[in-house]
Amino acid sequence: MSALLATPQPTSTWYLLLGAVLFAIGALGLMVRRNPLVMFMCIELMLNAVNLSFVALARDLGDISGQTAVLFVLVVAAAEVVVGLGIIVSILRRRPNATADDLSELKG
Amino acid sequence: MLDVVWLIPALPLTGFLLILLFGRRLGEPGAGYLATLMVGGSFAVTVGVLIDLLSKNAEERAHVETLFSWVPVDSLQVDLAFLADPLSITMCLFVTGISALIHLYAVGYMHGDPRFSKFFLYLNLFVLSMLLLVLGENLLVTFLGWEGVGTCSYFLISFWHERDSAATAGKKAFITNRVGDWGFMIAMFLGFQAVGTISYGGLNAAAESGALAESTATGIALLLFVGAVGKSAQLPLYFWLPDAMEGPTPVSALIHAATMVTAGVFLLTRVNPLLEHAADWAPTLIAIVGLATAFFAATIAVAQNDIKRVLAYSTVSQLGYMFLAVGSGAYVAAIFHMVTHAFFKALLFLGSGSVIHGMHGEQDMRRMGALRVLMPVTAITFIIGWLAIAGVPPFAGFWSKDEILLFAFAKSPVLYVIGLITSLLTAYYMTRQVIMVFFGEARWKDQAAEHGAHGDATPHESPGTMLLPLVALAGLSVVGGFIQLPFADELHVLGKWLHPVVEIGERDIHGTWAYDNKYLLLVIAAVLSIVGILAAFAVYQKRKVRAVEPVILEQAWYYDRGVSGFMGGPGRRAFDALNWFDRTIVDGAVNGVGRLVRGSAGGVRKVQSGYVRQYASALAVGVVLLLIWFVVVRGIV
């Protein structure tokens with residue numbers, strides 16, 4: 001059985017690369033999209049990209065702390081979803097087609 | 001009686017409060033007699049304290065009575081404390097004694113005034129302040145009294161404030177005094193900074209022990225002298241005193257002749273150890289300023305026609321003598337002259353008040369004359385006062401002036417000669433006044449029709465309440481000089497009494513040429529006074545010589561006009577420039593800081609655009625930059 005045919009074993013580098021790609025997509029999306037709901041999903045994407053990196057590194061280093069951090073991030077993300085979605089829904093209810101750029105009343 | 005020394009100022013305070021509360025109900029003459037009684041009570045207590053002090057040894061004649069701690073701030077501990085020693089009790093004796101007489105006189109003089117009780121309210125407040133001034137054991141208590149007498153002086157000069165000139169004169173006196181008060185305050189600060197206390201005991205002890213540097217002692221002494229110059233109307237701040245004559249005559253007699261204006265001399269005597277340890281030029285400067293004032297004011301008095309202004313300039317001149325004495329180290333002579341001057345100058349002022357009262361408010365001596373027949377008691381007492389101030393033996397002024405001249409000679413013959421010329425001028429202008437008022441022809445008859453306030457234009461003698469103080473003061477002016485006679489050391493009663501207070505500063509002139517020839521100097525002084533009197537007699541009575549009264553002297557060397565011209569012109573512009581500087585440069589700097597912050601904040605504000613995506617981009621750029629920095633610059637992988 002040649003090395004080429006052998007199923008490649010995923011290493012932690014793969015996971016880290018995937019995390020980086022996901023993070024970049026999230027960050028880019030946050031910067032270019034105007035729909036608040038989509039921007040919100042981009043933030044979630046970034047958070048989960050970081051979560052993936054935490055878990056991969058925790059396994060790699062044999063340290064449980066990384067996985068603990070993930071639990072914290074999940075809790076924070078859940079809280080954020082509650083507050084953030086509440087705000088976004090109430091905004092969209094008042095101004096159905098609002099983009100993020102329209103919400104600039106608090107500028108200095 | 002020593003522990004009730006606080007009663008001396010407390011009694012006028014009681015009088016002040018009673019008149020303040022019940023003044024209107026007491027009315028005339030109740031308020032006047034109440035005020036007189038309170039000051040008389042003070043005098044009685046002072047006599048009691050004096051007897052107590054006399055029963056002690058000379059060295060133990062100083063008693064500090066602390067009432068309470070007034071300003072307890074860390075190392076600055078100031079008590080409201082009174083010092084009863086020979087100097088303060090001497091001052092208290094003549095302040096309360098003469099005040100009581102003048103209060104009594106004022107009962108008659110202020111008759112019919114609509115604000116009768118208010119006048120006595122101020123008078124009692126004045127006596128209270130003056131007693132605080134002399135009894136204070138530290139500079140702050142003295143300063144309280146110092147400001148108090150200044151304020152009362154302002155109230156009383158402008159007592160008839162319906163008259164524009166009186167209101168202006170009051171302001172002038174107050175503002176001029178503030179210039180001097182500045183010196184007093186700085187002296188207090190300097191004393192506290194250098195010694196850590198402002199009590200006289202502490203300051204004088206520091207000067208004696210040498211703990212105080214000579215330069216600091218000079219600074220404190222001269223700054224106190226600045227205060228004294230303002231309060232005692234010396235050059236260059238003398239010009240408020242002649243204007244102060246706008247006040248009622250009892251005020252001129254009490255405040256602007258006998259008591260308040262002597263406060264400066266008192267203060268310098270109180271700190272004589274400081275002056276002794278100051279640089280040598282400091283006392284010399286004081287002597288020169290005093291003598292210059294004495295001479296300057298005497299020349300002006302020669303050409304004045306207002307009966308009170310002559311006396312005002314004469315007061316300035318006599319105060320100059322006292323500063324000459326202080327500068328010559330003759331503290332006893334200064335106090336001696338202060339006492340005799342208080343007697344005869346109060347007498348002269350009250351006499352002039354009696355004349356003004358009898359003339360229905362006329363003050364111009366050119367409209368008087370031959371009043372001796374109509375006002376015999378006033379005339380006789382005024383003549384006694386005249387002889388005393390002119391320096392005719394054996395009246396009081398002769399002895400005190402002679403002692404000052406003796407010390408001046410021991411310091412420098414130049415001082416003596418100018419002092420002697422001044423005493424000649426004094427005799428001259430006082431004789432001129434007496435002749436113009438009481439002798440010659442009656443020049444008031446042609447003005448008779450204009451006046452007639454009482455329905456009868458003829459001048460009349462004053463009531464008994466006014467004459468009694470005149471007689472008492474005349475008696476004192478005759479015998480007042482006997483408390484310090486030059487013939488033997490045993491006759492130096494005042495000198496022995498004051499010795500514990502002034503022993504550091506008092507100059508010993510035994511063995512100098514002046515002391516060995518003191519009888520010669522006595523004779524010269526007496527002869528010169530008589531020459532002055534005869535000269536004035538020849539000019540104004542016999543009319544053998546034409547009177548020399550140049551306009552420049554009548555206008556007081558244009559000094560007053562010069563000061564107001566300067567203050568109104570270049571001075572005003574200088575202060576306008578200062579004002580501009582303050583508003584543009586100082587305020588500009590402060591406002592500029594504010595404007596700068598506001599401007600830059602306005603710029604920074606724009607960063608907060610409200611576009612969430614921009615914030616996100618900024619964050620991303622920041623993270624990337626941080627990463628680059630960590631990896632490339634710090635080398636952390």
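All values reported here derive from a predicted model rather than from experimental measurement.

Participant: What's the story with the overall build of chain A in this structure? I'm lost.
Facilitator: Counting secondary structure elements, chain A contains three helices and zero strands. Written out in order from the N terminus, the α and β elements of chain A read α-α-α. Taken against the 2.2 N^0.38 rule, which gives 13 Å for 108 residues, the C-alpha radius of gyration of chain A at 19 Å runs more than 25% over that of a compact globule. Principal-axis analysis of the C-alpha atoms places the extent of chain A at approximately 65 × 30 × 25 Å. Sorting the 108 residues of chain A into buried and exposed places 12% on the buried side.

Participant: Could you clarify how one ought to interpret the overall build of chain B in this entry?
Facilitator: Counting its regular elements, chain B contains 24 helices and two strands. Principal axes of the C-alpha set define a box for chain B whose edges measure 120 × 60 × 55 Å. The burial tally for chain B puts 51% of its 637 residues in the buried class. Considering only contacts in chain B between residues 6 or more positions apart, those separated by 24 or more positions represent 81%.

Participant: I would appreciate a short explanation of the pairing of strand β2 (residues 76–84) of chain B in the present structure.
Facilitator: For a regular strand, side-chain orientation follows a simple rule: the groups alternate between the two sheet faces. Residues and elements named next belong to chain B. Pairing between strand β1 (residues 63–73) and β2: nine bridges, direction antiparallel. Residue pairing for β2: V71 is matched across the bridge by V78. Linking two consecutive strands that pair antiparallel, namely β1 and β2, is a turn of two residues; a positive phi of about 50° is found at D74 within it.

Participant: Looking at this structure, I do not really get the environment of B:V373. What am I missing?
Facilitator: Residue and element names in this part refer to chain B. Along the polypeptide, V373 turns up in the loop between α14 (331–358) and α15 (376–390). On the basis of neighbour count, V373 is assigned to the exposed category, with 10 C-beta atoms found within 10 Å. Taking the C-alpha atoms as reference points, V373 and A589, separated by 216 residues in sequence, lie 74 Å from one another.

Participant: In this structure, what is going on with the interface of chain A and chain B? I would like to understand it.
Facilitator: The parts lose accessible area when they come together, and the size of an interface is often stated as this lost area. Facing 10 residues of chain A, the contacting portion of chain B comprises 11 residues. Taken together, the residues of the side of chain A that touches chain B sort by class into five nonpolar, two polar and three charged.

Participant: What exactly am I supposed to notice about the nonpolar core here?
Facilitator: The nonpolar side chains of soluble globular proteins are, as a tendency, buried together. Grouped together as the largest cluster of nonpolar side chains are 208 residues, with contacts concentrated most on B:L131, B:A221, B:L224, B:L324, B:A325, B:A334 and B:A346. No other element matches α14(B), which puts 18 residues into this core. Not counting residues up to four positions away in its chain, the partners in contact with B:A221 are B:V271, B:L274, B:L275, B:A278 and B:A282. One finds A:L30, A:C42, A:A100 and B:A616 within the second-largest nonpolar core, a separate group that totals six residues.

Participant: Just checking my understanding: could you explain unusual backbone geometry for this structure?
Facilitator: Excluding glycine, residues mostly carry a negative phi; peptide bonds, for their part, are mostly trans. Residue and element names in this part refer to chain B. A cis amide bond, omega 0°, links L235 with the succeeding residue P236. Secondary-structure assignment places P236 in the loop between α7 (214–231) and α8 (240–243). Between P393 and P394 the backbone carries a cis peptide bond, its omega angle lying at 0°. Positive phi, normally seen in glycine, also occurs at A233, with a value near 55°. Looking at the secondary structure, you find A233 in the loop between α7 and α8. Phi at W557 takes a positive value of approximately 60°, unusual for a residue other than glycine. Examined against the element boundaries, W557 turns out to sit in the loop between α22 (551–554) and α23 (559–605).

Participant: What should I look at first to understand the packing of helix α4 (residues 139–157) of chain B against helix α5 (residues 164–195) of chain B in this one?
Facilitator: The geometry of a pair of packed helices is captured by two quantities: the angle between their axes and the separation between those axes. All names here are of chain B. Contact pair α4 / α5: the axes reach a minimum separation of 8 Å and the direction vectors enclose 170°. Classified by the interaxial angle, the pair formed by α4 and α5 is roughly antiparallel. For the pair formed by α4 and α5, the contact residues are L139, L140, F143, W146, G150, S153, Y154 and I157 on the first element and A166, A169, G170, A173, F174, N177, F184, M188 and G191 on the second. Looking at the contact of α4 with α5 residue by residue, the class counts come to 12 nonpolar, five polar and no charged.

Participant: Where do I start with the confidence of the model for chain B in this structure?
Facilitator: When pLDDT drops low, the exact placement of atoms in the prediction is not to be read closely. Residue and element names in this part refer to chain B. Averaged over chain B, the pLDDT score is 89; the fraction of residues at 70 or greater is 98%. The secondary-structure element of chain B with the lowest mean pLDDT is α22, recorded at 82, while helix α10 (residues 263–270) shows the highest, at 94. Two summary scores accompany this predicted model of the complex, namely pTM at 0.78 and ipTM at 0.82.

Participant: Before we go on, may I ask you to explain α5(B) in this structure?
Facilitator: Along an α-helix, residues three or four apart share an orientation, since each turn contains 3.6 residues. All names here are of chain B. Helix length check: α5 (32 residues) gives 46 Å between terminal C-alpha atoms against 46 Å at 1.5 Å per residue, within 8%. At V179, α5 shows its largest kink, close to 30°. Buried residues in α5 make contact with α4, α6 (200–209), α7 and α8. Taken from the residues just after α5, G196 is the one with a positive phi, measuring 90°.

Participant: Would you take a moment to explain the environment of B:A233 for this structure?
Facilitator: Residue and element names in this part refer to chain B. Given 30 C-beta atoms within 10 Å, A233 falls into the buried group. A sequence separation of 371 residues divides A233 from V604, and the C-alpha atoms of the two residues are 63 Å apart. Apart from the residues within four sequence positions on either side, A233 is in contact with Y238, W240, L241, V261, V316 and L319.

Participant: For this particular structure, what's the right way to read the packing of helix α1 (residues 7–54) of chain B against helix α2 (residues 86–109) of chain B?
Facilitator: All names here are of chain B. The geometry of α1 relative to α2 is characterised by a closest axis approach of 9 Å and an angle of 150° between their N-to-C directions. Classified by the interaxial angle, the pair formed by α1 and α2 is roughly antiparallel. The handedness of the crossing between α1 and α2 comes out as left-handed. Of the residues that constitute the contact of α1 with α2, the class distribution is 17 nonpolar, nine polar and no charged.

Participant: Any chance you could explain helix α19 (residues 493–502) of chain B here in plain terms?
Facilitator: All names here are of chain B. Taken residue by residue, α19 has L494, G495, W497, L498, V501 and V502 as its buried positions. Take α19 and look down its axis: the buried residues cluster within an arc of 165°, on one side only. For α19, the secondary structure elements touched by its buried residues are α2, α10, α11 (272–277) and α14.

Conventions we followed
- Residues numbered from 1 in each chain as written.
- Chains lettered and ligands numbered in written order.
- Predicted model: local features only at pLDDT ≥ 70, side-chain atom pairs only at ≥ 80, totals over all residues.
- Helix = DSSP H or I, 4+ residues; strand = E, 2+ residues; numbered from the N terminus.
- Rg over C-alpha atoms; globule rule 2.2 N^0.38 Å.
- Buried ≥ 20, exposed ≤ 12 C-beta atoms within 10 Å, placed from the backbone.
- Contact = placed C-beta atoms within 7 Å.
- Pairing = 2+ DSSP bridges.
- Nonpolar A, V, L, I, M, F, W, Y, C, P; charged D, E, K, R; others polar.
- Core = buried A, V, L, I, M, F, W, Y, C linked by C-beta atoms within 7 Å.
- Axes fitted to C-alpha atoms, helices over the stretch in contact; angles between N-to-C directions.
- Parallel < 35°, antiparallel > 145°, perpendicular 65-115°, else oblique.
- pLDDT = per-residue confidence, 0-100.
- Expected span 1.5 Å × (residues − 1).
- Bend = angle between axes of the 7 residues up to and from the residue.
- Left-handed = near helix turned anticlockwise from the far one by under 90°.
- Arc of directions from axis to C-beta.

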